[in-house]
Each structure stands twice: as structure tokens, then as C-alpha cells.
Amino acid sequence: MLLQGALFDLDGVLVSTDEYHYRSWKKMTEEEGIAFDRKVNHRLRGVSRLESLNIILEEAGVEVPEEKKSALTDRKNAYYRELLKDLTPDSTLPGAREMLTALGERGVKIAVASSSKNARTIVAQIGIEDMLDAIVDGTEIERSKPDPEVFLKAAERVGLTPSQCVVIEDAEAGIEAAKAAGMKFVGIGTPEGLPNAEGRVVASLAEISPDALLQ
Ligand code: BG6
Ligand code: MG
């Protein structure tokens, strides 16, 4: 029996905004003289904006008073939103659009389940709204991944139980969340980058067939 729901992370799975997140954190931290690199950036995948800043500060050994943090996250988000203006329907990652189309044709319920508060802007900009049955984003959840909340909400939104859904994720935190939700998962990336995906990893959505995804 094939699964009936596919819950997609957005950044780094359907669209390469993970790179924009990196560039905007990099710009802000350079201005502030805070150490930050791609290795630290990998830990930020799937994690909320404020939690991302806390990880960056902890890794750099820098302390910032709580009341100053929102100025830093606001500035990062302004840089990020500037980059988002470049997104077009061509910005989807390899195989993403084809996978959404194929799943839709099979009657599979499709949701975007993202920690990002910018998710709806991105979905509109890359023109995939019509292919989705639901979007749950960072404005609708209390706890970001690795908490399962976003995936449980997305399954509920499309009228399915967790065991009927597969999660597609590029973040360790997202794979953890899928496991906590009691859902199947497929990692996007490398087995080394996603050790908790237990080998169930492909380089992109172009590397897996819709049937294999739903198994
Ligand atoms: C996730 C990204 O999708 O959204 C994280 O993987 C990001 O890197 C998080 O921090 C929150 O995004 P935003 O757009 O609300 O700052
Ligand atoms: Mg992601």
C-alpha cells in the first residue's frame, strides 16, 4: 500500500533558499564580527530564525543581550527578503516541480511544512501554490523542528494520519521531527550530512521516482 500524503520541507528541498539563508546570515555576522561558516550553517537547517541566531552565537562564543537579538534577526531577515526577490518559477530545485506534478496526478495529498515565516512568500514567488493542498509555516507553530508540530499540523490539514505520510527533508532537525511524528522520511542531501536519515537519502528529487518516495 503506497503512502497517501507527501509533506515537503521548503528551503533546501523544493527551492535553493537554503543558500540565501546562508548568505544573509553571513552578511549580518560579518558586519558584527561574529564567526560563521557553512559548517555552522548546516546546523541551522529547519531551525527557527531566533534559534538559528542562538546557535550562531553559541558556536562563535559570543554573548548578546536578549533585547538586542531581534535587531540582529530583523537585519538578517531584511537581507534575506531582498534575495527572495530574485526567485522565479525557475528557482525550484532539480526534480521538484516534476515530483509535485506526478504526485498530484496520483491523487496524493501534498503539503509544504516549513519552519519559515517567509514560506508563503516563497511559495507564491516560485508559483507552486496550485500544486499544494496545504501550507503550514513558521507563523502557525509554537515549536520549530525537531519538534513534530509542523508535520502533525500538515497531516491534519490534508486529512491524513501520520502513518499515511512521508516527509521530505534536507535538515537533521527535520528528519528528527518526522521520526517524532511517526512518519516515513526521505532525506535530500548526502548520507554524511544527514546521519539520522539512516541511508534513506537522495541527492535531489530528480533521483527518486514518485513510487519509491511513497513506499
Ligand atoms: C527553515 C530554514 O526552513 O526556516 C532555516 O531551513 C530557517 O534555515 C527557518 O532559519 C526560519 O526561516 P525564516 O524565513 O522564518 O527566517
Ligand atoms: Mg530545509
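## Remarks on the overall build of the protein chain
For the protein chain, the helix and strand inventory stands at nine helices and six strands. Taken over C-alpha atoms, the radius of gyration comes to 17 Å for the protein chain, in line with the 17 Å a tight globule of 215 residues would show. Burial statistics for the protein chain: of 215 residues in total, 53% are counted as buried. Taking the intrachain contacts of the protein chain between residues at least 6 apart in sequence as the baseline, contacts between residues at least 24 apart amount to 62%. Carbon and sulfur atoms form 48% of the exposed surface of the protein chain, whose accessible area is close to 9900 Å². The protein chain carries 26 positive and 37 negative side-chain charges, and their two centres are separated by 1 Å.

## Quick word on the nonpolar core
One finds F8, L14, L103, I168, L205 and L213 to be the most contacted residues of the largest nonpolar core, which totals 35 residues. When residues of this core are traced back to their parent elements, those giving at least two are β1 (5–8), α4 (66–84), α5 (96–105), β2 (109–113), α6 (119–126), β4 (165–169) and β5 (184–188). Setting aside residues up to four positions removed in sequence, L103 forms contacts with A6, F8, V108, I110, P210, L213 and L214. One finds A113, I141, F151 and A181 within the second-largest nonpolar core, a separate group that totals 23 residues.

## Description of the coordination of the magnesium ion (ligand 2)
Distances from the magnesium ion (ligand 2) to its protein donors, namely D9 (OD), D11 (O) and D170 (OD), fall within the range 2.0 to 2.1 Å. Spacing between the donor residues of the magnesium ion (ligand 2) along the chain follows D-x1-D-x158-D. Here D9 and D11 have matching classes, each one buried.

## Here we look at unusual backbone geometry
Going from K145 to P146, the amide bond is cis rather than trans, its omega being 15°. Take P146: it is sitting in the loop between β3 (134–136) and α7 (149–157). The phi torsion at E198 lies on the positive side, around 50°, for a residue other than glycine. Taking relative accessible area as the criterion, E198 reaches 59% and is therefore assigned exposed.

## Side note on the packing of helix α1 (residues 17–32) against α4
Close contact between α1 and α4 brings their axes to 9 Å; oriented N to C, the two are set at 135°. As the angle between them shows, α1 and α4 are arranged oblique. The chirality of how α1 crosses α4 is right-handed. Of the residues in α4, those in contact with T17, Y20, H21, R23, S24, W25, K27, M28, E31 and E32 of α1 are L72, T73, R75, K76, Y79, Y80, L83 and L84. By residue class, the composition of the contact of α1 with α4 is eight nonpolar, four polar and six charged.

## Notes on the domain arrangement of the protein chain
The domains assigned to the protein chain are domain 1 (5–16 + 90–214) and domain 2 (18–84). Using only C-alpha atoms to locate each centre, domain 1 and domain 2 end up separated by 23 Å. In this assembly, 16 residues from domain 1 lie in contact with 15 residues from domain 2. Interface area for domain 1 against domain 2, summed over the two sides, is near 1200 Å², with a carbon-plus-sulfur share of 42%. Our count for the contact surface shared by domain 1 and domain 2 stands at one salt bridge. Between R45 and D170 there is a salt bridge; the shortest N-O distance is 2.6 Å. Along the contact surface separating domain 1 from domain 2 lie 11 residue pairs in polar contact (both at pLDDT 80 or more). Element by element, the count of residues in the side of domain 1 that touches domain 2 is highest for α6, at three residues. Here the residues of the side of domain 1 that touches domain 2 are counted per class, giving four nonpolar, eight polar and four charged.

Criteria and cut-off values
Residues numbered from 1 in each chain as written. Chains lettered and ligands numbered in written order. Predicted model: local features only at pLDDT ≥ 70, side-chain atom pairs only at ≥ 80, totals over all residues. Heavy atoms only, no water. Helix = DSSP H or I, 4+ residues; strand = E, 2+ residues; numbered from the N terminus. Rg over C-alpha atoms; globule rule 2.2 N^0.38 Å. Buried < 20%, exposed > 50% of the residue type's maximum accessible area, 1.4 Å probe, protein only. Contact = heavy atoms within 4.5 Å. Areas by Shrake-Rupley, 256 points an atom, 1.4 Å probe, with all protein chains shown as cover. Lys, Arg positive; Asp, Glu negative; His and termini not counted. Charge placed at Lys NZ, Arg CZ, Asp CG, Glu CD. Core = buried A, V, L, I, M, F, W, Y, C linked by side-chain atoms within 4.5 Å. Donors = N, O, S within 2.8 Å, 3.2 Å for Na, K, Ca; no water. Axes fitted to C-alpha atoms, helices over the stretch in contact; angles between N-to-C directions. Parallel < 35°, antiparallel > 145°, perpendicular 65-115°, else oblique. Left-handed = near helix turned anticlockwise from the far one by under 90°. Nonpolar A, V, L, I, M, F, W, Y, C, P; charged D, E, K, R; others polar. Domains from an automatic or database assignment. Buried area = accessible area lost by both parts, 1.4 Å probe. Salt bridge = Lys/Arg side-chain N within 4 Å of Asp/Glu carboxyl O. Polar contact = N/O pair within 3.5 Å; in protein donor to acceptor, adjacent residues only side chain to side chain.

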